[in-house]
Every structure is written in structure tokens, then in C-alpha cells.
Amino acid sequence: MYDKGKILTGLAVFVVFMTYPFWNNIGRAAYVKPELEKPRMAKECVENVEYMRAEHMAMLNEWRDEVVRNGMHEYHSSFTHQTYAKSLTKTCLKCHENKDKFCDKCHTSVAVSPYCWDCHVDPKGVKQ
Amino acid sequence: MKALYSLFLVFALAAIALVGAGALGMERTFGLYIPFLAAAVFVVGFCWRVVQWGKSAVPFCIPTTCGQQESLPWIKQSTIENPSTTTGVVLRMLLEVLLFRSLFRNNQPQLYSDGRVRYASSKWLWLGALAFHYSFLIIFLRHMRFFTEPVPALIRGIESVDSMLQIAAPTLYLTDLVFIAAVTYLFLRRVVVPNIRYISQVQDYFPLFLILGIGLSGIFMRYFAKVDIMAVKELTMGLVTFSWKAPQGIGAIFYVHLFLVSVLLIYFPLSKLMHMGGVFLSPTRNMNCASRKFRHINPWKFENVHYHTYEEYEDEFREKMVEKGIPVEKPL
């Protein structure tokens, strides 16, 4: 092989870079899906669990637009057949009291940083 | 036709994943075994190809000269375009690898009605290639959030810059837009421009469609048909820590995405996508343009090369030569 030193150095850099996910996790605790704190007062959310899991961010975004731009404050759930206020603080955080033990758990794990908290305050967080 | 053939090939691959992981319930095969095999084929195959290239001799000094060569002291040398030092070669390689310098030279001949030809600068391919490769790199790095716990600050930073316009939720990634636009441009260029269509083969269209399929399936599952992202992370983390588990209910679209990525990884070392490693081993780029100063020794071992001597030549063609009246050393 010609230019052995240079080529093997380059290949070593390539292999180290490409196998990063494998060696980076050596010696770390096995990944466990974060456990979320379940609300104590409510049995069900405004929509069913699968829907909330997949669409909660789209729903909150929609609520924000409807409340702020169109002045529509009421959400009629086809799941519970009840009416809720379209409010992160008054509706969501009423049951999911602790942001750190609910929202942040998954968001941190998959490196999502929603900008809800640029404007909204976490009431429990303020007290701490 | 070649484009359609490639398109159907990608559709067939997506269908395999849909049927396999969706209908037949082979989540472990499509979520763990095939991706791991693909990653192994990619890394090992890539190294093997590069070593093969490293073993090939470079018999001649053939760097491309794109400027004034080092000459008499009062003639200004183009030190990067025609490098005569290792520093110059390294700089030229960096320009090539990071900024695609040679594509920047692209010219487009234009024929006027009176028969005159003009060569005008054409930067679209350079721009499209640059947009494509860099958005692909950012998307690749961003995906490391599924393979690390805790996610490193660098990857979180890339993520937040990429979604800085805060459009919709989940926030729109800018690289998603650039990536799809660039791949679409690179494809349309092959279809629309007649002379490029003429030289385009299946092996040109197939990777483009495959990459477009990967991009679209990723976008589809992020913004439209959402998958259980926490279950996805459980699977990807299990994959890289060898504690393999296939969580239920991720959604078939994820397996389509993952299978197309696996196919890309396996296809990579077998195809012209190897230009990723090949660009560093191009003698036309990585050699020093100082052939007048230093003699380039042909590394071939000449004692092993079989020469076809004149005697052998005459032995081979003697009858025909005599027939045509050509003088021969040994008569028939």
C-alpha cells in the first residue's frame, strides 16, 4: 500500500467518526424510557393517550393561534365530550402540575426545546 | 426510462419495508438486524475500497494545473491553484473537499444563432451540490440525538439553530427544506438538460431517488403521520448499546425510513457514492504540481511487468505480415 500512514490515519478518523454512537455509549447506564409523572386528580386527558402523545405539540400550537389571533377560548373534546379552556397554564398544567417531571422528561431525552416557556411561566417552577 | 426504473426500485424497497415490518410484523429484522448489518457493511466496505485504492500505483505525476506553475522568480505563482508545496496541496484539498472548488469552475457553452460560441460561468451545480451536501451533513449530525443520552450540547445547538424560525410544532427544520430543494434540483437537472440526460444512468438516478425517499419519509413522519418518538429512541439506543429490543407500535413509516437508510448504507461502498472517500485519493488533486523539480518515480515493479517484445509481435502476426508484403526478421 502506498502512503500507508496518511491513508490509515484518514481511515481511522472515518471509523472513529462513524462508530461514534457505538463507542460513546460504552460504560453508560442502559437507556430507559423516561417515566412520566401521572396526574393525581384526573383520569383522562382532553383527548386519548395515543392522540396526545403524537399531536400535543400541534394542538398547543393551534390553541395558541386560536386564542391569540381569533379569540376562541373553548376547546370541545370529541373524546370526553367536555369543554376545556385552551390554556397551557390553566388546563394542561392544572393536572400535569410538574413541568420537570412531565414535559421535560421526554423533551430532554430527545433534545427538543419547545419555546412555550419563552412566554409562559411554570407556576411550580416560580415558587421553587 | 432509467429514471423510472430507479424510481420503481425505490418504491419496491419502501414496499418491502411496509410489508415486512408492517404486515408481517418483522420489527426485529427491519429495526435491528438489517440496520446493524448495513452499518457494518458501510464501515468495513468503505475501508476496504479505500485500501484497494491505496494499493493501486500512481504511475505518473498527473495533478491538474489550474494556474501559473512555480517558475522563474519574477513570474507570480498561483500557490493554491497550482501548488508546489505540501501546504499548497493541503489548502487546495481543503477548498475541494469543503467548498467544491472544481464545480465552481463549471462553464456552460452557449451557441449563438450566428454560430459564435461563448463559455459562460454556470454556478448552479456548485450551489446545488453545496446545499445538498451541507444540509445532509447537518441532518446526519442532528440524528445523533437518537443515539446519545444525554444529548451533547453541540447536537442540541445544531438542532436549535436549524429550527430557529420556530414555524409550527414540531418546529420546521430549515435543512429539511434546503435538502429537498437541492435533491429535487439535482434530479431535475438530469432530466431537463438534454446532454446531461444522455449521460445519466440508473446508478445516477437511483441514489437520488433513494435519498429523496429517505428525506420525504423522514419529513412525513416528523410533521404528518407522527410516530412514537420515545419508542424510536428506545429502539435506536438499544441498537447501539447491543441491548436489542424492538418496541411495539412505532408505526410502519419509521421502518420504511430506516430500511431506506440501511439500503443507502449497503449501497454506499458499492457505488459512486464512494466519492466521499475517493476525493481524498484523487491523484489529480492530491499530488504536488512540482514535476519539474522532483522526479516522480513510477512505483510499479518493472521486473514483474511482461513486455510484449517485437519478436513476440512478429510471431503473432508473421503470416499476415508476409501476406501483405511487410518485411519480417524471420521468414515463414
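Structure shown above.
Source: prediction; values computed, not measured. (Residues numbered from 1 in each chain as written. Chains lettered and ligands numbered in written order. Predicted model: local features only at pLDDT ≥ 70, side-chain atom pairs only at ≥ 80, totals over all residues. Heavy atoms only, no water.)

Colleague: So, the pattern of salt bridges: which residues are in play, and what are the values?
Modeller: Residues and elements named next belong to chain A. As enumerated under the stated definition, the model contains 21 salt bridges over all chains in all. A salt bridge links Glu66 to Lys86; the nearest nitrogen and oxygen atoms lie 2.3 Å apart. Here Glu66 is found in helix α3 (residues 49-70), whereas its partner Lys86 is found in the loop between β2 (83-85) and α4 (88-95), with 20 residues between them in sequence. Across the pair, Lys86 and Glu66 agree in class, each one buried. (Salt bridge = Lys/Arg side-chain N within 4 Å of Asp/Glu carboxyl O. Helix = DSSP H or I, 4+ residues; strand = E, 2+ residues; numbered from the N terminus. Buried < 20%, exposed > 50% of the residue type's maximum accessible area, 1.4 Å probe, protein only.)

Colleague: Outline the interface of chain A and chain B, listing residues and values.
Modeller: Across the boundary between the two partners, chain A contributes 31 residues, which contact 46 residues of chain B. When chain A packs against chain B, close to 3,400 Å² is buried across both sides, 73% of that on carbon and sulfur atoms. Taken as a group, Tyr2(A), Phe22(A) and Tyr31(A) account for 20% of the area that chain A buries against chain B, more than any other trio of residues on that side. For the pair chain A and chain B, the number of links is three salt bridges. The residue Glu55(A) makes a salt bridge to Lys226(B) at a minimum N-O spacing of 2.9 Å. The interface formed by chain A and chain B holds seven residue pairs in polar contact (both at pLDDT 80 or more) in total. Split into classes, the residues belonging to the side of chain A that touches chain B amount to 21 nonpolar, five polar and five charged. (Contact = heavy atoms within 4.5 Å. Buried area = accessible area lost by both parts, 1.4 Å probe. Polar contact = N/O pair within 3.5 Å; in protein donor to acceptor, adjacent residues only side chain to side chain. Nonpolar A, V, L, I, M, F, W, Y, C, P; charged D, E, K, R; others polar.)

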